[in-house]
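Each chain is listed here by its residues.
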Amino acid sequence: MTPPTPSTPGTRLDPWFGAYAMRAHNMRASEVRALFAVVNRPEVVSLAGGMPYLEGLPLESIAASMERLIATHGTTALQYGSGQGHEALREQILEVMKLEGIDAHPDDVVVTTGSQQALDLVTRIFIDPGDVIVAEAPSYVGALGVFRSYQADVVHVPLDEHGLIPEALEETLTSLAAQGRRVKLLYTIPNFHNPAGVTLSLERRPRILEIARRHGVLVVEDNPYGLLGFGSEPLEAMRATDGDGVLYLGSFSKTFAPGFRVGWVVAPHAVREKLVLASESAILCPSNASQMAISTYLETSDWKAQIKAFQVLYRERRDAMVGALAEHMPDASWTVPDGGFYTWVKLPEGLDSKSMLPRAVTGRVAYVPGTAFFADGTGGDHMRLSYCFPTPDRIREGVRRLASVVNAERELVEIFGTTAHLDDVTDTDNPGPDLV
Amino acid sequence: MTHSPRVLVLAGGLSHERDVSLRSGRRVAEALRSANVDVSVHDVDADLLPALSQTRPDVVWPLLHGASGEDGSIRDVLDLLDVPYVGTGPRASRIAWSKPVAKSVVARAGLDTPDYVTLPQSLFRELGAQAVMAAVVDKLGLPLVVKPSRGGSALGVSLVRSATDLPQAMVSCFAYGDVALIERAVEGIEVAASVVETSEGLRALPAVEIVTEGPYDYDARYNPGRTEYFAPARLTSAQAEAVGATAIAAHEALGLRHISRTDLILQPDGTIQFLEVNVAPGMTETSLLPQAVVASGWALPALYKSVVENALPAPASVV
């Protein structure tokens, strides 16, 4: 027999393959994520993205003010800044939060690179591997990714049309305590929830706070959409009534522009000190240029009128979305949000939104499968639809296409009796930054 | 002085493999640029035809994976416009793109390929899914591989070891297309054998051996570290020659041109089983053809440039 050809050693195409931390082992190449590559093509109606409609902003005026900012304060704006954030902006953030009843001091505020960094910092300083974070079912995909990266154990608590259910929270925390589990954080999005679209009722808020306090659990109130309600005045934040038991996360990404990457966290003194140190070790300081641009915007523009304009615009789109769902997908059910960007759709019996995604891409429509919003990979019977970015006509067309996809998938269920597709959960199945 | 050809790389498109295509396009463009080739990269969109007419590239390299990139339709358009391109023409692309058709063609040419059936979704409805699946398992046995009859990057592909897993595999498959290819899974050494055509003629590159702990799925293909590759494959000289000859035989039987990659299984008894062929093989950082090029002793820029020059029409190749 001919001897083997001189063989070269095998390669894994990554010389550092054996060097990665355990937390990197779950970072995979994802079919689902690859499918999202088409969503920004104009042929595809994307009901997936959580991108605000920036064409609604006075872009020329913003450009002029940014030009003035660099011309007049360039040496400050382009320089390193404070780790806690630009002081003038922190004072202005107080004005923003006053609309939701929060009374704080500028020293209470830590500016972050988007509220996503605030999530990272909070998780970093509180969570050891195996600690429990309680979150709504479903919960924000970007938060779940952070929690997973710190090896937290996320336990979901159900919500309904009035938000997180206090009785379910009580039961869960009691059960976890009985198991000897250490619950560190309750992560909640009380207003116009991402992805569920529901709002925690005012009646439930003190009950949730009381339960958390009694169980010694710190509440993380994530509130990027609170000012984007479609009806009455903004609801009072949970932080407004509990300064010690709530970490409040705010953001300019939805009410102004995500490109600046400016968010903030309001925290009690001791926590805040650690957040600042953690932030400095991660990024030294948030972008001075971004902070000063937003500060200028808040100072020189009628930002409250702009928010009202966004409310009108997003309400029209919400109406287009729920109207189209009623017309084209009567067998599904969905939440009707009073604000924010998303509706949460429950598919007809037996359908799985993750399995269906390739068919949707073929049908030139995109959404985010419900599985992205659960730490355990469940949620395939739901999907998140966003109405913030596409025009009402595009929304109606997208839902019409989606209905065709659903009908085709329903036929598969009838034929094979299953579409469930449960894989291991990985961060990389999650949509990219423009979609979360 | 030799005129360096102006190349337009097509990458992106609207298929499920858009992401992979964009990466392939970037990699090839980068390699060609380092060989001093004038390269631009373009998506397949409404601006493409005006761009082709305005820039008039010497040659187009379609690096579109899936759908119009491999089913011949983009190549039809390039033919209509009399634009030279790298790769197989439309008719042969259509044949190669359909896995069952390609299998039947290479089988007629004398190559071995695993037993299979091709079944549309509608048939399962008409005849009853349970009965059809039982007949498939009865005829082909287990394990089985279920894959869309058209498609790449292992999207919608499942290895089925138990009959109870077959319904889920069918559903995953039909999410990507209406027709499924179900074939008997064969054990052996999994190799990819690439064929390139340069001024020196048609040649098989060293086969690349693929070793994974699980299936060679999307993650195993595009997540560096998941898969161990041996380039060249750990074969005897005779085996390596036979694998190369099989790839060339498949390339020729299917009427392919310039570049192709054939996926094969070398069984313990020496039989070489043809699985499928790609007319637009992946060119990403983890793809198989570039590894084969390096294993052959070529530098990627030089080989890609040679492939491009070979695709130029004869009169334009001499300046």
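Each remark here, short or long, concerns the structure printed above.
Residues numbered from 1 in each chain as written. Chains lettered and ligands numbered in written order. Predicted model: local features only at pLDDT ≥ 70, side-chain atom pairs only at ≥ 80, totals over all residues.

With respect to the overall build of chain A
At step 1: Helices and strands together make up the secondary structure of chain A, namely twelve helices and 14 strands.
At step 2: For 436 residues, the compact-globule estimate of 2.2 N^0.38 gives 22 Å, and chain A sits close to it at 23 Å.
At step 3: Oriented by its inertia axes, the alpha-carbon framework of chain A measures out at about 75 × 60 × 55 Å.
At step 4: Considering only contacts within chain A whose residues lie at least 6 apart along the sequence, 76% involve residues at least 24 apart. (Helix = DSSP H or I, 4+ residues; strand = E, 2+ residues; numbered from the N terminus. Rg over C-alpha atoms; globule rule 2.2 N^0.38 Å. Contact = placed C-beta atoms within 7 Å.)

Focus on the sheet that holds strand 13 (residues 368-369) of chain A
Residue and element names in this part refer to chain A.
At step 1: Strands sit in the order 10-11-14-13 across an open sheet of four strands; the sheet is antiparallel. In this open sheet, the two strands that pair with only one neighbour each are strand 10 (333-334) and strand 13.
At step 2: Here strand 10 pairs with strand 11 (residues 342-346) via two bridges, running antiparallel. The residue bridging Trp 334 from the neighbouring strand is Val 345, located in strand 11.
At step 3: Docked against the sheet, helix 10 (residues 303-328) engages strand 10, strand 11 and strand 14 (382-386), running at close to 15° with respect to strand 11. (Pairing = 2+ DSSP bridges. Axes fitted to C-alpha atoms, helices over the stretch in contact; angles between N-to-C directions.)

Here we look at the sheet that holds strand 5 (residues 144-148) of chain B
Residues and elements named next belong to chain B.
At step 1: With antiparallel pairing, four strands are arranged side by side in an open sheet as 4-7-5-6. Two strands lie at the open edges of the sheet, namely strand 4 (116-120) and strand 6 (158-160), each paired on one side alone. Direction aside, neighbouring strands of the sheet carry axes that sit 25° apart on average.
At step 2: Of the pairings in the sheet, the one linking strand 4 to strand 7 (residues 179-184) comprises five bridges and is antiparallel in character. Across the sheet, Tyr 116 pairs through a bridge with Glu 183, a residue of strand 7.
At step 3: The sheet strands contacting helix 5 (residues 99-108) are strand 4, strand 5 and strand 7, and the helix crosses strand 4 at an angle near 150°.
At step 4: Of the strands in this sheet, strand 4, strand 5 and strand 7 touch helix 7 (residues 129-140), which is tilted by about 30° from strand 7.

Some thoughts on the interface of chain B and chain A
At step 1: Taken together, the 40 residues of chain B in the interface contact 34 residues of chain A.
At step 2: Looking at the side of chain B that touches chain A, the elements with two or more residues in it are helix 1 (18-34), helix 6 (121-127), helix 8 (166-174), helix 9 (218-222), strand 11 (227-230) and helix 10 (237-253) of chain B.
At step 3: Considering every element that reaches the side of chain B that touches chain A, the biggest residue donor is helix 8 of chain B, with six residues.

What about the packing of helix 3 (residues 87-98) of chain A against helix 9 (residues 288-300) of chain A?
All names here are of chain A.
At step 1: Taken N-terminus to C-terminus, the directions of helix 3 and helix 9 make an angle of 45°; their axes are 9 Å apart at the nearest point. The angle between helix 3 and helix 9 places the two elements in the oblique class. Between helix 3 and helix 9 lies a crossing whose hand is left-handed. Along the contact surface, helix 3 presents Ala 88, Leu 89 and Gln 92, while helix 9 presents Gln 291, Ile 294, Ser 295 and Leu 298.
At step 2: The residue inventory of the contact of helix 3 with helix 9, partitioned by class, reads four nonpolar, three polar and no charged. (Parallel < 35°, antiparallel > 145°, perpendicular 65-115°, else oblique. Left-handed = near helix turned anticlockwise from the far one by under 90°. Nonpolar A, V, L, I, M, F, W, Y, C, P; charged D, E, K, R; others polar.)

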